[in-house]
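Observations on the model geometry
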Amino acid sequence: MPSALAPARFDWPRFLLSLLALAAAGWAAAGTPFRGDQALFVEYAKRLADGAVLYRDLWDVANPGVFWFYQLAGTCFGFTEDGVHLFEWLYWVAFVMTLSVAVRRAHGLPRWPLAPAVFVGGVYYLTSCSDPSHLTKTEGLVAFPLFLAGWLACRAVGLSRANGWLLLAAGVAGGVAVLFKFAFAPCVVAVWLPPAVVAVRRKEWLKVVALPLGLLLMLAVAAGHFVANGATEPAVRALFVTPRQVLAAAEPAGFDRLASSVRWFAEVYSPVLAVALAGTFVALARRGDPFVVSIGLTAVAAVPVVLVQRWSWWSYHFLLIAVPAAVLAAYTWPALVRAAEGRLSRPFTRTERWAAGVVGLTLFLPAVGHGTNAHLRLLAHRGGITPEDRAAARAAAGRAYAEATAETAWLQSPEARPGPIFVAGDPLFHTLSGRPMCTAIHGWSLELLTPELWDELATQLKAARPVYIFVAADPHHYDRLTNARGPAVRGWLTAGYLERRRSPLGVWYELRE
């Protein structure tokens, strides 16, 4: 991979400016609440930290990477919105700074590049904080290991002699990406394809063979964890058997949802895509950098990965395409600027740079507009200085959080019985009430349960005997789903529980004395 060494002197002012830009964009996350998925990940992470084993003691069809990410975040800073969002912000800081090193090295820049902070971290936080369901999701988090897998592989192949440590690190990064979600494997193949082709052309077979070893090592470590904890059979069933059964019975999401997600993606990321495409054309014409091809192929490979998930098609899935495109835009931005200056036969003047900045800001107004809501909401609550201010900002962030807060408030009253609860609905009820889960099978996404899992859930409920059970009505309609698909669960509710409270959101049942 062609590169030029930048001057040894470190550019502290622009480095700190980059960090300040990330802090300004990420600050909105302080007032951004969890949604159902993030709440579930946190509840599972708490139990994992207490010694539970995924798939043996906790059921889900999601791959283990995201649960381990939340466990690490909670262990470091606490199993709360504050703790998880702080950990994620540091994760994105590490991502952006590593990308900045790659950009500076590739283009021989004398100053610290600001493009990674703007295109990658800035746009991600501005758009994701406006929709809380986007933060700390697998599709966004996986971009960092995918970047590392490609960049380290290209660096190793670009060296005259094989560097085993770089190749191993690239493989480990690819393994981390796959552990986030097995469906991301085509993206890992895509990011490794250009350096592998270069190695094959040079007949450097050791580099070709060594590249996947780190991936296999990571998979072996994960498999060893499940074997050592007696979770081999449930892990295999949850990761390879049940998903096929679930997907065979799953109803497609519908093209209205796909159209809505594509519209969101085009609205906020079209300027990034334009810069990425233009930068790629210029960079390849002038330098032939294999990493440009590598990350570009990753974004292209992400398109079918998103589209085949026809039972989902949520807008956050498009982060799998958007963030690699943002990486490509940031990585090729210096080449684009130099090409423009070459046309002028001189560097840009300060006035021209300011004018270009104003035009760029105009192009990014949709993304800025999305992020402004989250920032203004936090400002309205004293900037989120205290935990109470941040909690108030989250409560104002949307109906789901406010409704869950109101629906679980009575559980804090003296007359409420202590003990765990089961929620057939939003896991936020557990997070906001402080009442833990009590079964291996959670009540989120009940539509994914097979008949066997419905029966197993009934068995677990009978054994756990939660003091309260909530069955959601609008908008999940788990009351109808339980009647239609879970007769054993409905029978246990009828025999063992009395209706305690009813609201438009659903019904609370209390264990009979």
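All values reported here derive from a predicted model rather than from experimental measurement.

For the rest of this paragraph, the subject is the pattern of salt bridges. What the rule picks out here adds up to 15 salt bridges. Across the salt bridge formed by Arg399 and Glu403, the nearest N and O atoms sit 3.3 Å from each other. With Arg399 and Glu403 both in helix H18 (residues 399–408), this residue pair falls four residues apart, about one helical turn. Classification of Arg399 as exposed rests on a relative accessible area of 60%. In the salt-bridge network here, residues are joined through shared partners; they are Glu81, Asp82, Arg390 and Arg394.

Relative to the helices and strands, Glu341 is located in helix H14 (residues 319–344). On the accessibility criterion, Glu341 (15% relative accessible area) is buried. As for Glu341 and Trp454, which are separated by 113 residues in sequence, their C-alpha atoms are 65 Å apart.

Bringing the nonpolar core into the picture now. The biggest cluster of nonpolar side chains holds 152 residues, and the ones touching the most others in it are Val120 and Tyr269. Contact partners of Val120, with chain neighbours within four places excluded, come to Trp92, Phe95, Val96, Leu99, Ala115, Val323, Ala326, Val327 and Ala330.

Looking at the protein chain, the pLDDT average stands at 90 and 98% of residues meet or exceed 70. Mean pLDDT values over the elements of the protein chain span from 74, in helix H15 (residues 350–363), up to 98, in helix H3 (residues 64–77). Counted against residues more than four places away or in other chains, residues 1–7, with its pLDDT under 50, gives 26 contacts.

On to unusual backbone geometry, then. Despite not being glycine, Trp313 has its phi angle at roughly 55 degrees, a positive value. Mapped onto the elements, Trp313 comes out in the loop between helix H13 (290–307) and H14. Relative accessible area serves as the criterion here: at 7%, Trp313 is assigned to the buried category. The phi dihedral of Arg382 falls on the positive side, at around 55 degrees, and the residue is not glycine. Looking at where Arg382 falls in the secondary structure, it is placed in the loop between helix H16 (365–379) and helix H17 (387–395). According to the relative accessible area criterion, Arg382 is exposed, its value standing at 54%.

For helix H8 (residues 164–180), spanning 17 residues, the distance from its first C-alpha to its last is 25 Å, which sits close to the expected 24 Å at 1.5 Å a residue. What H8 keeps buried is the set Leu166, Leu167, Ala170, Gly171, Ala173, Gly174, Gly175, Ala177, Val178, Leu179 and Phe180. For H8, the secondary structure elements touched by its buried residues are H3, helix H4 (81–107), helix H6 (138–141), helix H7 (143–158), helix H9 (185–201) and helix H10 (205–228).

Next up on the list: the sheet that holds strand S3 (residues 497–503). Judged by pairing direction, the sheet is mixed, and its four strands sit side by side in the order S1-S2-S4-S3 without closing on themselves. This sheet does not close on itself; its edge strands, each paired only once, are strand S1 (421–424) and S3. Taking each pair of neighbouring strands and ignoring which way they run, the sheet shows an average axis angle of 20 degrees. In terms of strand pairing, strand S2 (residues 468–472) meets strand S4 (residues 506–511) through five bridges, oriented antiparallel. Looking at the pairing, Val471 lines up with Val507 of S4. Sheet contacts for helix H21 (residues 478–485): S1 and S2; angle to S2, the most-contacted strand, approximately 100 degrees.

A separate point is the packing of aromatic side chains. Taken as a whole and judged by the stated rule, the model has 36 aromatic pairs. On the basis of an interplanar angle of 85 degrees and a centroid distance of 5.2 Å, the ring pair of Phe69 and Tyr91 is categorised as edge-to-face. Here the residue Phe69 occupies a position in helix H3, and Tyr91 occupies one in helix H4, the gap between them amounting to 22 residues. Looking at Phe69, the relative accessible area reads 7%, which means it is buried. Under the relative-accessibility criterion, Tyr91 is labelled buried at 16%. Consider the rings of Phe77 and Phe87, whose centres lie 6.3 Å apart with planes at 55 degrees: the pair is tilted. Of this pair, Phe77 sits in helix H3 while Phe87 is found in helix H4, placing the two residues 10 residues apart along the sequence.

What follows is about the pairing of S2. Regular strands show a simple pattern: their side chains alternate between the two faces of the sheet. Most of S2 sits inside the fold, with five of its five residues counted as buried. Across the two faces of S2 the burial is the same, with Tyr468, Phe470 and Ala472 and Ile469 and Val471 all buried. Bridge count for S1 against S2 is four bridges, and the pairing is parallel. In the strand pairing of S2, Val423 is matched with Phe470.

A contiguous nonpolar patch, built from Leu193, Val197, Leu284, Val293 and Leu297 and spanning about 330 Å² of accessible area, is present on the exposed surface. For the nonpolar patch, the secondary structure elements donating two or more residues are H9 and H13. With respect to the secondary-structure elements, Leu284 resides in helix H12 (residues 255–286).

Let us now look at the packing of H8 against H10. Where H8 contacts H10, the axes come no closer than 7 Å and their chain directions differ by 45 degrees. As far as their axial angle goes, H10 and H8 are oblique. In terms of crossing hand, the pair formed by H8 and H10 is right-handed. For the pair H8 and H10, contact is made by Leu167, Leu168, Ala170, Gly171, Val172, Gly174, Gly175, Val176, Val178 and Leu179 and by Lys207, Ala210, Leu211, Gly214, Leu215, Leu217, Met218, Leu219 and Ala222, respectively. Residue composition of the contact of H8 with H10, grouped by class: 14 nonpolar, four polar and one charged.

Rules of the game
- Residues numbered from 1 in each chain as written.
- Predicted model: local features only at pLDDT ≥ 70, side-chain atom pairs only at ≥ 80, totals over all residues.
- Heavy atoms only, no water.
- Salt bridge = Lys/Arg side-chain N within 4 Å of Asp/Glu carboxyl O.
- Helix = DSSP H or I, 4+ residues; strand = E, 2+ residues; numbered from the N terminus.
- Buried < 20%, exposed > 50% of the residue type's maximum accessible area, 1.4 Å probe, protein only.
- Core = buried A, V, L, I, M, F, W, Y, C linked by side-chain atoms within 4.5 Å.
- Contact = heavy atoms within 4.5 Å.
- pLDDT = per-residue confidence, 0-100.
- Expected span 1.5 Å × (residues − 1).
- Pairing = 2+ DSSP bridges.
- Axes fitted to C-alpha atoms, helices over the stretch in contact; angles between N-to-C directions.
- Phe/Tyr/Trp six-rings, centres within 6.5 Å; stacked < 30°, edge-to-face > 60°.
- Patch = residues over 30% accessible without salt bridge, like charges linked within 9 Å, V, L, I, M, F, W, Y side chains within 5 Å.
- Areas by Shrake-Rupley, 256 points an atom, 1.4 Å probe, with all protein chains shown as cover.
- Parallel < 35°, antiparallel > 145°, perpendicular 65-115°, else oblique.
- Left-handed = near helix turned anticlockwise from the far one by under 90°.
- Nonpolar A, V, L, I, M, F, W, Y, C, P; charged D, E, K, R; others polar.

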